[in-house]
Amino acid sequence: MRLFVNITLGGVAEGLIFSSVALGLVLIFRATNIINFAQGAMAMLTTFIAFSVLGKGVGYWPAFLVALACGLLLGGVVQLTLVRPVQNKPPLNAVIVTFGLLIFLEGIAGAIWGNTNRGFPAAFSQKGLVVGKTAVAFSHFDIFIVVAVLALSILVGVLFRFTTVGLRMRAAAFAPEAARLLGVRVGRLLTLGWALAAVAGALAGLLVAPTSVFSPGYMDLILVYAFTAAVLGGLDSPLGALVGGVITGLALAYVGGYLGGSLQPIGALVLLIVVLMIRPEGIFSQPTARRV
Amino acid sequence: MIKIGPLPSWARLPRQPLLRHLLFAVVGGVFFYFLTQSLSDFNNFELGELAVYAIAIAGLSVLTGTNGQICLGQGAFVAVGAYTLAELEVHQSINLALQLLAAAAMAGAVGLVIAVPATRLRGPYLAGMTLLFALALPFLSDKYGNFFGGDQGLTVLPPSAPGSIDPVKWLTWIQLFCALVVMLLLANLLSSRFGRSFRAVRDDEVAAALAGVHVARNKVIAFVVSSACAGLAGGLLALSSGVVNTGEFPLSLSIFILAGMVLGGTGSVFGAWWGSILVVYLPNQWSQSLGNTFHFNHLVSANFAVIAFGAILIVMMLVAPSGIQGGVRWLGRRLVTFSTPTEPAGNISVSLQQAAEPQRSHDGSEAEHPPTDSGAAG
């Protein structure tokens, strides 16, 4: 029972990290019908920048903010320079470009920081809390993960639902031509969308790094888990990404806890196959008809 | 611009795709035979590797270029083929041809499992799923180390050559022979009913379905063909590397193969050779010589190939999405025009047949990319 509780708690914290990467994937997919396979690698790069800033001895929180700011910048620059030219090309072109960016950024990070496994500091203690008299596998850092990801999700929700910019972004994603006719700067808003998605990714990068080995490829698996989560949630629903992330996190935690950690990627593959076979449109997706 | 008038009938390429492709394959075979005779052992070994990667790239190229799907984990299917061949060699002693067929069949079967759920939908599902597959596969060999030989992997003996033939040359011949056969089969596949429905599905799934094409089955067939090619390549790769372990098949292999396809020319069977040159030479010789010229430090030289392949993928997609083969075709069209021979009067049946068959480019494939339908984002 205690094992089950501990695995569940760990799964929730891990799952919320997937949620935050999945949120970035969904934000971009909703607006541009592109899955950004470089989402993980971009987060890796900003986390490495934070790592270098930390090395200067400025403390954790300035480095944290630098990473988020770099994410914002990187997301915008990537959209403007690489994604915009393939925006109206066949969807495969964008897949290949973002996939190329993934490996390119990993190579760059390897060339600058090396391919060795490092450690990345956590914002808070990673020792398990003591509830009553028993220690549980849920630390201050896990609480921070929960708070940070939920705060991010609420911010995104508020932005989309209650602000003018959010309304315009929804309009630009939903009906680009009509929005453009009404004076919405669709291109700029797409850039903003990519920038915001990259911030969600940068946050995830900072949250994952302390819990795993820290090397240029450390976000690869997180990215595909987040993809699974996003598909589970319906690919175009931010709420779905959040819930999908937690479900994926729990499922993988049980696979890892009871069957062995090295089966987790296979578990994710099986989960993805099952989702696509049973409910391919995801849990939260609106049923849509594709226009011919 | 050079204008060439109607060629005499003996100088024209055969009109039937099968004969035309067979002619190309035989000419290629003769060319490679004399090439292998003049090369050193090491160069022959490299030529064999070229053939192997060309197989994997050609399969992917058919999938992406003519069916509009993508596999980000082609390297994982190569691994499936390599492990299949190695397991067969460890446990059973069966004929090499059967081993290679089994490698292709196994990878095709795994491809079927991936393709059936992923191809039901239009969208990025197959791309994400194949990437997940490529990342997950090495963990299986960690988990079942006894079966897959753990970190050391499994050893594979090179095939014994008959008579007094040099074993390296023999292996190169086997690899080249397989490559030519696979390309012949792929080129014919593309000229067949299947190839036409592949392209129909790529261009417009709804229109294809209305025309009676079974869209999902079509996409599954294309994916299985592509993974079987990768599996065969894996089996052949195992023969020349002599050892099969997970270190041989990192994610970067999948990326190299994809970049090779993009550079060579997506959808072109022949273009796979250009891409294969890149995959064989860039990670080793070219990055070493570039490193020596520009004095890379060890971190840069360790990551140079990966950076270069990433940059190639991005730049090619932005600047020249039809690849080298697309450029070669463009150049050919600009420089030389063949005027079509006039049909002799009275031979109506032939011209009718010709009219029914759409005109195809010489190697039976097309470099054009699927038209966009992502304009209306939702």
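Only a predicted model underlies this, so the values are computations on that prediction, with no experimental measurement involved.

S.K.: For this particular structure, what's the right way to read the overall build of chain A?
M.R.: A count of helical and extended segments in chain A gives eleven helices and two strands. What you see in chain A, going N to C, is helices and strands ordered as α-α-α-α-β-β-α-α-α-α-α-α-α. Its C-alpha atoms give chain A a radius of gyration of 19 Å, within 12% of the compact-globule value 19 Å for 292 residues. The principal-axis extents of the C-alpha atoms in chain A amount to approximately 65 × 50 × 35 Å. Every one of the 292 residues in chain A was classed for burial, and the buried ones make up 52%. Pairs at least 24 apart in sequence give 72% of the contacts found in chain A among residues at least 6 apart.

S.K.: Got a minute to help me understand the interface of chain B and chain A in this structure?
M.R.: The partner chain A presents 52 residues to the 50 residues of chain B that form the contact. Counting only elements with at least two residues in the side of chain B that touches chain A, the list comes to α4 (96-118), α5 (125-143), α11 (251-264) and α13 (298-319) of chain B. Per-class residue counts for the side of chain B that touches chain A are 36 nonpolar, eleven polar and three charged.

S.K.: Explanation requested: helix α6 (residues 164-174) of chain A in the structure shown.
M.R.: An α-helix turns once per 3.6 residues; consequently, residues spaced three or four apart project the same way. By the burial criterion, the buried members of α6 of chain A are M169, A172 and A173 of chain A. Relative to the axis of α6 of chain A, the buried residues are bounded by an arc of 95 degrees and lie together on one face.

S.K.: I would appreciate a short explanation of the packing of helix α9 (residues 220-233) of chain A against helix α11 (residues 264-278) of chain A in the present structure.
M.R.: For any two helices packed against each other, one specifies the inter-axial angle together with the distance between the axes. Residue and element names in this part refer to chain A. Relative orientation of the contacting elements α9 and α11 amounts to 20 degrees, with a least axis distance of 10 Å. Considered as vectors, α9 and α11 are oriented roughly parallel to each other. Along this stretch, α9 crosses α11, giving a crossing that reads as left-handed. From α9, L221, V224, Y225, T228, V231 and L232 reach across to α11, where they touch P265, A268, L271, L272 and V275. Considering only residue class, the contact of α9 with α11 consists of ten nonpolar, one polar and no charged.

S.K.: Please explain the packing of helix α1 (residues 2-32) of chain A against helix α10 (residues 238-259) of chain A as it appears in this structure.
M.R.: All names here are of chain A. Packing of α1 against α10 leaves a shortest axis separation of 6 Å and a crossing angle of 140 degrees. Between α1 and α10, the angle falls in the class oblique. Once α1 is placed against α10, the crossing between them reads as right-handed.

S.K.: It is not clear to me how the confidence of the model for chain B should be interpreted in this structure. Could you clarify?
M.R.: Detailed reading of the predicted coordinates is not advisable wherever pLDDT is low. Residue and element names in this part refer to chain B. On average, residues of chain B score 82 in pLDDT, and 88% of them are at 70 or above. Of all helices and strands in chain B, the one with the weakest mean pLDDT is helix α15 (residues 348-356) (41), whereas helix α10 (residues 215-241) scores best (93). Taken together, the stretch residues 345-378 has pLDDT below 50 and engages in 54 contacts with residues farther than four places along the chain or on a different chain. Two numbers describe this predicted complex: its pTM, 0.87, and its ipTM, 0.91.

Rules and cut-offs
- Residues numbered from 1 in each chain as written.
- Chains lettered and ligands numbered in written order.
- Predicted model: local features only at pLDDT ≥ 70, side-chain atom pairs only at ≥ 80, totals over all residues.
- Helix = DSSP H or I, 4+ residues; strand = E, 2+ residues; numbered from the N terminus.
- Rg over C-alpha atoms; globule rule 2.2 N^0.38 Å.
- Buried ≥ 20, exposed ≤ 12 C-beta atoms within 10 Å, placed from the backbone.
- Contact = placed C-beta atoms within 7 Å.
- Nonpolar A, V, L, I, M, F, W, Y, C, P; charged D, E, K, R; others polar.
- Arc of directions from axis to C-beta.
- Axes fitted to C-alpha atoms, helices over the stretch in contact; angles between N-to-C directions.
- Parallel < 35°, antiparallel > 145°, perpendicular 65-115°, else oblique.
- Left-handed = near helix turned anticlockwise from the far one by under 90°.
- pLDDT = per-residue confidence, 0-100.

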